[in-house]
Amino acid sequence: MLGFIVKRVFAAIPVLFMVAIIVFLMLRLSPGDPAIMIAGSNATAEQLTALRESMGLNKPLLQQLEIWLGAVLTGDFGVSLVSGQPVTRLVMDRFMPTLALSLSTIALAVVVAIPVGVIAAWRQGRWPDRLVMAGSVLGFSVPVFIIGYVLILIFARLLNWLPVQGYQAPENGFHGFAIRLILPTVTLSLPYIALIARIVRTNVIEVMNEDYIRTARAKGLTEAGVLIGHALGNAAVPIITIIGVSIAMLIGGVVVTESVFNIPGLGRLVLEAVLARDYTVIQALILLFSAIYVLVNLAVDLLYGLFDPRIRY
C-alpha cells in the first residue's frame, strides 16, 4: 500500500508543474501586450514601462517563468493590481468561508445521498425509487441561484427562521457561524445529493444482481446485512468517483452560492478579480483550484486502493 501511495504522489507532481506553466503562459502568451491588459488602454507609456519593469515582463520568457515559479514555491503570488495587497493574504482571508461551505456541502450531500440511493435501489420500481428519481431530475434541472433565492424567500423572508445573507467566523460565535451556513449549504448540496443518489442507486442495483449477493442471501443474511455488508462495499469505487467529481464541481457552485448569500469567500474573490481584471489574483486562484482538483484526484486514487485491493497491483 505504501508503494501505491508513493507512486500516486509522485505522479501528481508533474501534473501540478504543468498546470503552473499553463497558468503562467495564459497571461504572457495571450494576444496583445500583457502590460496593457493589466494597466488598461488609458495607461501612459511611463506607466507601462514601470509595470513591465516591476513584473519582469522585459526579461526573456524562460527567465520570467523561473522567477515566477520560484516565487510561487515560496507562497509569493505577487500583489493585487487593484488593492495593492499581497495576493496570498487576500486568498487566505477568503479561504475559511469557502472551506466551511465546501466541507458542509459535501458532508451533507454524502450523508443524505448514500442512504437515499441505497433505499431507492432496495425498493427498485416502487414509490421510494420513483420519488428519488423524480427528485434527482429536479435537482439536476434547477439552477443553484434559483434554489438559493427560493430558500431565502421561504426560510428567511416568510418564516423568518434563518438570516438572509452573510458569514460569521466561528471564533466570533459558533451559533452565528452555523446558522448562517445552513441556507448556503442546503442550496449548494441539493444538486450533488441528486447526482450522488442517482449513481449510488444505479451501482447498487447492478451489484445486487451478482452471484455473491445471491449466495449471501442463501446463507440467511438479512436484507440490511446484504445491502450494507456486501452490495454497498462492492459498489464503492464508482461512488467514490462521483463524490470526487462533485468536490471538483464545487468550484463553479461556490462562485454562484457565495454571490447569492454574500459570503466573502474565494468564489466572490474570483468574481471580483474577473470584473476588475486583477490578473495576479486570477492566476493565483486558477493555480489554487487546479491544485485542489489534482489533490482530490489523488485522494480518490488512494481510496480506490483502499476499497479494491486489485487496483494497487
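Scroll up to find the structure this text is about.
Summarised in this report is the structure supplied together with it.

Reading the values: the criteria
Residues numbered from 1 in each chain as written. Predicted model: local features only at pLDDT ≥ 70, side-chain atom pairs only at ≥ 80, totals over all residues. Heavy atoms only, no water. Helix = DSSP H or I, 4+ residues; strand = E, 2+ residues; numbered from the N terminus. Buried < 20%, exposed > 50% of the residue type's maximum accessible area, 1.4 Å probe, protein only. Areas by Shrake-Rupley, 256 points an atom, 1.4 Å probe, with all protein chains shown as cover. Lys, Arg positive; Asp, Glu negative; His and termini not counted. Charge placed at Lys NZ, Arg CZ, Asp CG, Glu CD. Axes fitted to C-alpha atoms, helices over the stretch in contact; angles between N-to-C directions. Left-handed = near helix turned anticlockwise from the far one by under 90°. Nonpolar A, V, L, I, M, F, W, Y, C, P; charged D, E, K, R; others polar. Core = buried A, V, L, I, M, F, W, Y, C linked by side-chain atoms within 4.5 Å. Contact = heavy atoms within 4.5 Å. Expected span 1.5 Å × (residues − 1). Bend = angle between axes of the 7 residues up to and from the residue. Phe/Tyr/Trp six-rings, centres within 6.5 Å; stacked < 30°, edge-to-face > 60°. Lys NZ or Arg CZ within 6 Å of the ring centre and 35° of its normal. Polar contact = N/O pair within 3.5 Å; in protein donor to acceptor, adjacent residues only side chain to side chain. 1 Å grid on protein atoms, 1.4 Å probe; cavity = no way out; pocket = protein on both sides within 12 Å on 5 of 7 lines; lining within 4 Å. Points joined across faces, edges and corners; volume = space filled by probe spheres on them.

1. Digging into the overall build of the protein
Piece 1. Secondary structure summary: the protein contains 13 helices and zero strands in total.
Piece 2. Viewed in the frame of its principal axes, the protein has a C-alpha envelope of about 85 × 55 × 35 Å.
Piece 3. Of all 313 residues assigned to the protein, the portion counted as buried reaches 40%.
Piece 4. If you sum the accessible surface of the protein, you get close to 16,900 Å²; carbon and sulfur atoms cover 68% of it.
Piece 5. With 21 positive and 17 negative side-chain charges, the protein shows a spacing of 10 Å between the two charge centroids.

2. Some thoughts on the packing of helix H5 (residues 87–122) against helix H8 (residues 174–208)
Piece 1. Two numbers describe how H5 lies on H8: the axes approach to 5 Å, and their chain directions differ by 35 degrees. Here the hand of the crossing between H5 and H8 comes out right-handed.
Piece 2. Among the residues making up the contact of H5 with H8, the classes are represented as 23 nonpolar, five polar and one charged.

3. Topic: the nonpolar core
Piece 1. Counting residues in hydrophobic clusters, the biggest one holds 42 residues, and the most contacted among them are Leu183, Ile196, Val204 and Met208.
Piece 2. Residue assignment for this core shows that the elements contributing at least two residues are H5, helix H7 (144–158), H8, helix H9 (211–218), helix H10 (223–234) and helix H11 (236–260).
Piece 3. Per-element accounting of this core gives the leading share, 14 residues, to H8.
Piece 4. Those residues in contact with valine 204, other than ones at most four positions away along the chain, are Val118, Ala121, Leu227, Ala231, Leu232 and Ala235.
Piece 5. In this structure, Val87, Leu266, Leu269 and Ile282 belong to the second largest nonpolar core, which totals twelve residues.

4. Some words on H8
Piece 1. Given a rise of 1.5 Å per residue, 35 residues ought to cover 51 Å, yet the end C-alpha atoms of H8 are separated by just 43 Å, more than 12% below that figure.
Piece 2. If you look at H8, its biggest bend is around 35 degrees, right at serine 189, and the proline proline 191 turns up within four residues after that.

5. Focus on the packing of aromatic side chains
Piece 1. Summed over all chains, the structure comprises four aromatic pairs.
Piece 2. Each ring, one from tyrosine 167 and one from phenylalanine 177, has its centre 6.1 Å from the other, and the planes form 85 degrees; the classification is edge-to-face. Placement of the pair is tyrosine 167 in the loop between H7 and H8 and phenylalanine 177 in helix H8, with a sequence separation of ten residues.
Piece 3. Judged by centre distance (5.7 Å) and plane angle (45 degrees), the rings of phenylalanine 174 and phenylalanine 177 are tilted. Residue phenylalanine 174 and its partner phenylalanine 177 are located together in helix H8, separated by three residues, close to a single helical turn.
Piece 4. Residue class for phenylalanine 174 comes out exposed when judged on its relative accessible area of 58%.
Piece 5. Put simply, the rings of Tyr167, Phe174 and Phe177 touch in pairs and so form one group of aromatic residues.
Piece 6. Between arginine 123 and the ring centre of tryptophan 122, over which it is positioned, the NZ or CZ distance is 4.2 Å.

6. Side note on the side chain of asparagine 203
Piece 1. Relative to the assigned elements, asparagine 203 resides in helix H8.
Piece 2. Note on asparagine 203: relative accessible area 15%, which makes it buried.
Piece 3. Looking at asparagine 203, its side chain comes within polar contact range of the main-chain oxygen of isoleucine 199, at 2.7 Å.

7. Considering the layout of surface pockets
Piece 1. Put simply, the largest pocket is a space of about 780 Å³.
Piece 2. In this structure, the largest pocket is lined by 28 residues; those nearest its centre are Leu287, Leu288, Phe289, Ala291 and Ile292.
Piece 3. Per element, the largest residue contribution to the lining of the largest pocket is nine residues, and it comes from H5.
Piece 4. Taken together, the residues of the lining of the largest pocket break down into 25 nonpolar, three polar and no charged.

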